[in-house]
Amino acid sequence: MKCYLCAKEGKDRDAVAICIVCGMGVCMDHAIREEVAVWEGGYPFPAKKLKRTVPRILCKPCYSAYHEG
Ligand SMILES: [Zn+2]
Ligand SMILES: [Zn+2]
């Protein structure tokens, strides 16, 4: 899979991760990794508390949208 955001800019880079929200492939430059202890309601996964932090990968557009709201 190729990085969707790079492809939009005419570049050709392999994706290293997949955004858990929109599912697009993203390269290292465009992936944003966050450690979260609790999944918040409204997320596309069942809201439940976890004992350990969970890494999640977001693309830049989804990260911006998530942190604006
Ligand atoms: Zn990229
Ligand atoms: Zn995304």
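Refer to the structure above for everything that follows.
Here the residue numbers are simple positions, counted from 1 along each chain's written sequence. Chains and ligands are labelled sequentially in the order written, the chains with letters from A and the ligands with numbers from 1. Two thresholds apply to this predicted model, a pLDDT of at least 70 for residue-level local features and 80 or more for giving and counting side-chain atom pairs, whereas whole-chain, interface and lining totals are computed over all residues.

S.K.: Mind showing me how you'd approach the overall build of the protein chain here?
M.R.: Strands are runs of DSSP state E lasting at least 2 residues, helices are runs of H or I lasting at least 4, and numbering of each runs from the N terminus. Helix and strand counts for the protein chain stand at two helices and four strands. Its helices and strands taken in sequence order, the protein chain reads α-β-β-β-β-α from the N to the C terminus. Each of the 69 residues in the protein chain was classed as buried or not, and the buried ones make up 16%. Backbone-placed C-beta atoms define the burial measure: a residue is buried with 20 or more other C-beta atoms within 10 Å of its own, exposed with 12 or fewer, and partly exposed in between.

S.K.: I tried to follow the nonpolar core on my own but got confused; where do I start?
M.R.: Most often, soluble globular proteins have nonpolar side chains that are buried together. We define a nonpolar core as a collection of buried residues of the types Ala, Val, Leu, Ile, Met, Phe, Trp, Tyr and Cys that are connected via C-beta atoms lying within 7 Å of each other. Counting residues in each nonpolar core, the largest one holds nine residues, listed as Cys3, Leu5, Ala15, Ala17, Cys19, Val26, Ala31, Leu58 and Cys59. By definition, residue pairs are in contact when their C-beta atoms, positioned from the backbone, come within 7 Å. Those residues in contact with alanine 31 that lie beyond four places of it in its chain are Val16, Ala17, Val26, Ile57 and Cys59.

S.K.: Please explain the environment of proline 61 as it appears in this structure.
M.R.: Looking at where proline 61 falls in the secondary structure, it is placed in helix H2 (residues 60-68). When the 16 C-beta atoms within 10 Å are taken as the criterion, proline 61 is described as partly exposed.

S.K.: What is the right way to read the environment of cysteine 59 from this model?
M.R.: Following the sequence through the fold, cysteine 59 ends up in strand S4 (residues 49-59). For the pair cysteine 59 and methionine 24, spaced 35 residues apart in the sequence, the C-alpha separation amounts to 7.5 Å. Not counting the four nearest positions on each side in its chain, cysteine 59 is found in contact with Leu5, Cys19, Cys22, Met24, Val26, His30 and Ala31.

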